[in-house]
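Summary of structural features
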Amino acid sequence: MKLTRILVATSNKGKYNEIADIILGVLPGIEILSLSDLPKIPPPVENGKTFFDNALIKAKYYYSAYNIPLISEDSGLEVNALNGEPGVMSAIYAGENSTQEDLIRKLLKNMENKTDRSAKFVCLAVFMYGKDRYLFSEGIVRGKIAYEPRGQYGFGYDPVFIPEGYDKTFAELGSSVKNRISHRREAILGLLLGMRDLGCFL
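The notes below deal with the structure included here. If you're wondering where the values come from, they're calculated on a predicted model, not measured in any experiment.

**Focus: the sheet that holds strand β1 (residues 5-8)**
One open sheet holds the 6 strands; their spatial order is β2-β1-β3-β4-β5-β6, and the pairing between them is mixed. Each edge of the open sheet carries a strand with a single partner, namely β2 (31-34) and β6 (161-163). In this sheet, neighbouring strand axes are inclined to one another by 35° on average, regardless of whether the strands run parallel or antiparallel. Sheet analysis places β1 next to strand β3 (residues 70-79), joined by 2 bridges and oriented parallel. In the strand pairing of β3, Leu7 is matched with Leu70. Sheet strands touched by helix α1 (residues 13-26): β1, β2 and β3. Its angle to β2, the strand with the most contacts, is close to 170°. Here helix α2 (residues 51-66) sits on the sheet in contact with β1, β3, β4 (118-130) and β5 (133-145), set at roughly 160° to β3.

As structure tokens, then:
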């Protein structure tokens, strides 16, 4: 199976850009499609209990609609002091249609007086290349929650997440550093290795 194009099946522009950058760093000649390149359909209902559940829901839904090999993912922030919250609810932690500011405000409010600031970003990515034929890969980056938002880059919780080994948030470090160390990079590179083993790049 020679792969010449792949759909990155997310409506989140920040995630799309990160995934496209990671793929192109390994496969500079491949065509990367976004959902905006294809006929518009409603998004699937993401009602899974885990990141894997939701990533697979999206993969099956968009593959059934477009019949194009694709990568989908689900990711989020897990904070130890909050018993793993926000977890799979990361995107809607402050309610449906939460803004980045809403999410961060609620997180920091819930972290008031917490001495354990440890947290991790988790990404579960799926490559679907046929009906019920898929690979998956998980990526994790550990770190801690800052006491206030810092930085102007990235999206989501990036302004309050300080990865291990750094004293700046993802939003301060910028995409060039984040894409070298992130949970999403680890998950996508794991998929690319599996895709190579399938013969996708021959």
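**Side note on α1**
Relative to the 20 Å expected for 14 residues at 1.5 Å per residue, α1 spans 20 Å between its end C-alpha atoms, a close match to the ideal helical length. The inward-facing, buried residues of α1 abut β1, β2, β3, α5 (175-181) and α6 (183-197).

**Concerning the layout of surface pockets**
Of the volumes computed, that of the largest pocket is approximately 990 Å³. If you trace the largest pocket, you find 37 residues lining it, with Asn12, Lys15, Glu46, Ala91 and Ile92 closest to the centre. Contributions of two or more residues to the lining of the largest pocket are made by α2, β3, α3 (100-110) and α6. The element best represented in the lining of the largest pocket is β3, accounting for 5 residues. Volume-wise, the second largest pocket comes out at about 320 Å³. Lining the second largest pocket are 15 residues, with Thr10, Ser11, Leu35, Ser36 and Lys40 positioned closest to its centre. Breaking the lining of the second largest pocket down by element, the ones donating at least two residues are α1 and α2. Within the lining of the second largest pocket, the residues separate by chemical class into 8 nonpolar, 5 polar and 2 charged.

Rules and cut-offs
- Residues numbered from 1 in each chain as written.
- Predicted model: local features only at pLDDT ≥ 70, side-chain atom pairs only at ≥ 80, totals over all residues.
- Heavy atoms only, no water.
- Pairing = 2+ DSSP bridges.
- Helix = DSSP H or I, 4+ residues; strand = E, 2+ residues; numbered from the N terminus.
- Axes fitted to C-alpha atoms, helices over the stretch in contact; angles between N-to-C directions.
- Contact = heavy atoms within 4.5 Å.
- Expected span 1.5 Å × (residues − 1).
- 1 Å grid on protein atoms, 1.4 Å probe; cavity = no way out; pocket = protein on both sides within 12 Å on 5 of 7 lines; lining within 4 Å.
- Points joined across faces, edges and corners; volume = space filled by probe spheres on them.
- Nonpolar A, V, L, I, M, F, W, Y, C, P; charged D, E, K, R; others polar.

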